[in-house]
Amino acid sequence: MAGLEMEDLKFHNIINNTLRSSPTTHTVTNPRTESALWPCPIASPADFEDAVSSANRAFKTWKLTTLSERQTLLTKLASHLESHLSLLSQILALESGKSLLLSELDVRGAIAQCLHYADPTNALSDHIQFEDSSVKIIATHVPLGVVAAICPWNFPLILSNLKVVSSLVTGNRVIVKPSPFTPYAVLKWIELVAAEEILPLGVLQVLNGGADLGQQMTLHPGIAKVSFTGTIAVGKAVMAACAKTLKKVTLELAGNDACIVCADADLPKAVKSVAGGAFFNAGQVCVATKRVYVHESVYEEFARRLVEEVRGSYTVVEDASVPSVFGPVSNKVQFETVKRIVEDCKRGGYEIVTGGEVRESGKEEEKKGFWLEPTIVKGPPEDSMLVREEQFGPILPVLSWSDEDDVISRSNLANAGLGASVYSSDLAQAERIARRLDAGSVWINQAERPHMGAYFSGFKDSGFGGEMGKQGLLSYSYTQSIHFAK
Ligand code: NAD
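What counts, and where the lines are drawn
Residues numbered from 1 in each chain as written. Predicted model: local features only at pLDDT ≥ 70, side-chain atom pairs only at ≥ 80, totals over all residues. Heavy atoms only, no water. UniProt positions renumbered as here; feature names shortened; annotations may be inferred. Helix = DSSP H or I, 4+ residues; strand = E, 2+ residues; numbered from the N terminus. Domains from an automatic or database assignment. Contact = heavy atoms within 4.5 Å. Buried area = accessible area lost by both parts, 1.4 Å probe. Polar contact = N/O pair within 3.5 Å; in protein donor to acceptor, adjacent residues only side chain to side chain. Near = heavy atom within 4 Å. Areas by Shrake-Rupley, 256 points an atom, 1.4 Å probe, with all protein chains shown as cover. Nonpolar A, V, L, I, M, F, W, Y, C, P; charged D, E, K, R; others polar. Salt bridge = Lys/Arg side-chain N within 4 Å of Asp/Glu carboxyl O. Buried < 20%, exposed > 50% of the residue type's maximum accessible area, 1.4 Å probe, protein only. Axes fitted to C-alpha atoms, helices over the stretch in contact; angles between N-to-C directions. Parallel < 35°, antiparallel > 145°, perpendicular 65-115°, else oblique. Core = buried A, V, L, I, M, F, W, Y, C linked by side-chain atoms within 4.5 Å.

Naming follows an unreviewed UniProt entry, where the protein chain appears as aldehyde dehydrogenase (NAD(+)) of Sordaria macrospora. Under Catalytic activity (unreviewed entry), UniProt gives the following word-for-word description of the protein chain: "an aldehyde + NAD(+) + H2O = a carboxylate + NADH + 2 H(+)". In its Sequence similarities (unreviewed entry) section, the UniProt entry covering the protein chain states "Belongs to the aldehyde dehydrogenase family."

See the structure below:
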């Protein structure tokens, strides 16, 4: 790639380690500048069939590899990613609108994922399930087959690579479908792996496409499992389609994470942490802090400090090379969703204490991109759109509470339960609250940041099954019980 200019880059689907173009392409809009990026080939049904056949052919040999052989390959993937960090980060920045700093974090996160499962202590191993004088029963883990990884756009590499490393370490083959909003870095990454022939033919492939391709993946009898990350509505459709061929399914879906700030919280620290939880990547994080409940005794002070923090640290910076963890909304569709929520707050007369300005392109030639200033809304009604719906953007409601039972019942939603956070100097109180929250992960005195060592899953409509940690690998395997008579 040395000497190649960014505008000269070409993108291909990768099938059986070969580059495949397509007569049909689509072009993504850079969300920071609204300029058009590269033509991107859309995989045809025939491309998809070829990828499934290639993946199934690979089964005979790949399923016989040992765990340690596969872990060695994960280490190679990590160093390959490291050597292409600059190229991949630049592509990511252009397609997602992230700063180069945030894009590098996306690549570094993917490297860390490879290394995590390359460590023998983090992978599944055989164990004795039961033993007495008459029998010994071993549990062993067997790959499922071909995994389809259907991915969203907010962390293009981390979220697809998680499905890749989970599939590979457990002995599966995987076909990745990145989001059509952010296909480029994932296509390029898998092309680079194919060019070096790091993995056998058919073990890791990538196809660009939208809902049509996703649907084909959910229906094809040659696919054993779908690992899906995205919205609740599409997740339900995925599960219904997968039922037709009884595929294994993992759904990682939307959340609407509550954050509870207690009266005794360390306010300066909590404010910094909540600001990061809400506005990192402009709020486009599945476990972003999406609703903040602050004890009434510190509510006004917390809100004042939060506004100061956000105005100082989360500003609109147009130049992607300036290190910043704030950026534009990543695509036009999501921008429209966020704008609807801002409009609803304005229509309802809610108290917008900072931000609220949507930048409309076209009004002034130099103002382009899908930008909303970081926005904080004080005390919107509990049944407002901003509190009830996932905003997935840089707008945050801050509400007050006085009674512990009441704030817990307001935090627990009927239809979502991905993450939550609690801030208190009294760890017993924080833990008591955490244990009563309906959320797959709860963070105490820190913003919501998933950890590769911990199982990550959603309660209620936020998911089905989960990923990460050793437990996450179980969803990529059959557990076979071998009974030895004594
Ligand atoms: P989306 O549901 O619109 O799309 C996700 C993927 O599904 C895309 O690749 C899309 O092309 C594909 N798809 C669309 N229709 C399909 C169909 N009928 N069958 C199969 N595939 C189909 O979601 P999005 O807008 O890309 O992602 C944002 C959402 O993802 C947010 O709600 C966010 O909270 C959620 N998310 C969740 C997690 C998590 O781990 N729980 C992580 C990141 C994002």
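> Break down unusual backbone geometry for me, citing the residues and quoting the values.
With a phi angle near 50°, Glu 197 is a residue other than glycine that sits in the positive phi range. Examined against the element boundaries, Glu 197 turns out to sit in the loop between α6 (184-195) and β9 (204-206). Backbone geometry places Ala 282, a non-glycine residue, at a positive phi of 55°. Along the chain, Ala 282 turns up in the loop between α9 (267-279) and β13 (291-295).

> Outline the domain arrangement of the protein chain, supporting the account with residue identities and numerical values.
Partitioning the protein chain into domains gives domain 1 (6-253 + 463-485) and domain 2 (258-451). With centres defined by C-alpha atoms, the gap from domain 1 to domain 2 works out at 30 Å. Listed by partner, the interface residues are 21 residues for domain 1 and 32 residues for domain 2. Taken over both partners, the interface formed by domain 1 and domain 2 buries close to 2,000 Å², and the fraction arising from carbon and sulfur atoms is 63%. Three residues stand out in domain 1 for area buried against domain 2, namely Arg 32, Glu 34 and Trp 153, and they jointly supply 32% of the buried area on that side. Counting across the interface, domain 1 meets domain 2 through 10 residue pairs in polar contact (both at pLDDT 80 or more). Elements with a minimum of two residues in the side of domain 1 that touches domain 2: α3 (85-96) and α4 (100-118).

> Before we move on, could you go through the site of the ligand and cite the residues and values that matter?
Looking at the ligand, there are 28 residues lining it, with Cys 151, Lys 177, Thr 231, Leu 253 and Glu 390 nearest. Separating an oxygen atom of the ligand from a side-chain N or O atom of Trp 153 is a distance of 3.0 Å. Burial of the ligand by the protein chains amounts to 89% of its free accessible area of 850 Å². Within the residue set of the shell around the ligand, elements represented by two or more residues are α7 (211-219), β10 (225-229) and α8 (232-243). The biggest single contributor to the shell around the ligand is α7, with three residues. For the shell around the ligand, the per-class residue count stands at 17 nonpolar, eight polar and three charged.

> Residues and numbers for the pattern of salt bridges, please.
Taken as a whole and assessed by the stated rule, the structure comprises 22 salt bridges. A salt bridge links Asp 47 to Arg 20; its shortest N-O distance comes to 2.7 Å. With Asp 47 in helix α1 (residues 45-62) and Arg 20 in strand β2 (residues 18-20), this pair connects stretches of sequence that are 27 residues apart. According to the relative accessible area criterion, Asp 47 is buried, its value standing at 6%. Connected through salt bridges with shared partners, the residues Glu 382, Arg 388, Asp 406 and Arg 410 form a single ionic network.

> Describe the packing of helix α2 (residues 67-83) against helix α5 (residues 156-169), listing the residues and the values that go with them.
Running from N to C, α2 and α5 point in directions that differ by 155°, and their axes come no closer than 9 Å. Between α2 and α5, the angle is such that the two are roughly antiparallel. Touching Leu 67, Arg 70, Gln 71, Leu 74 and Leu 77 of α2 are Val 165, Leu 168 and Val 169, all from α5. Looking at side-chain class alone, the contact of α2 with α5 contains six nonpolar, one polar and one charged residues.

> Explain the nonpolar core residue by residue, including any values.
Formed by 67 residues in total, the largest nonpolar core has its most connected members in Leu 77, Ile 91, Leu 168, Val 176 and Leu 199. Counting contributing residues, this core receives three or more from each of domain 1 (6-253 + 463-485) and domain 2 (258-451). With sequence-adjacent residues up to four places away left out, Ile 91 is seen in contact with Met 6, Leu 9, Phe 11, Trp 38, Tyr 184, Ala 185 and Lys 188. Counting 27 residues, the second largest nonpolar core, distinct from the first, contains Ala 265, Ala 275, Val 294 and Tyr 423.

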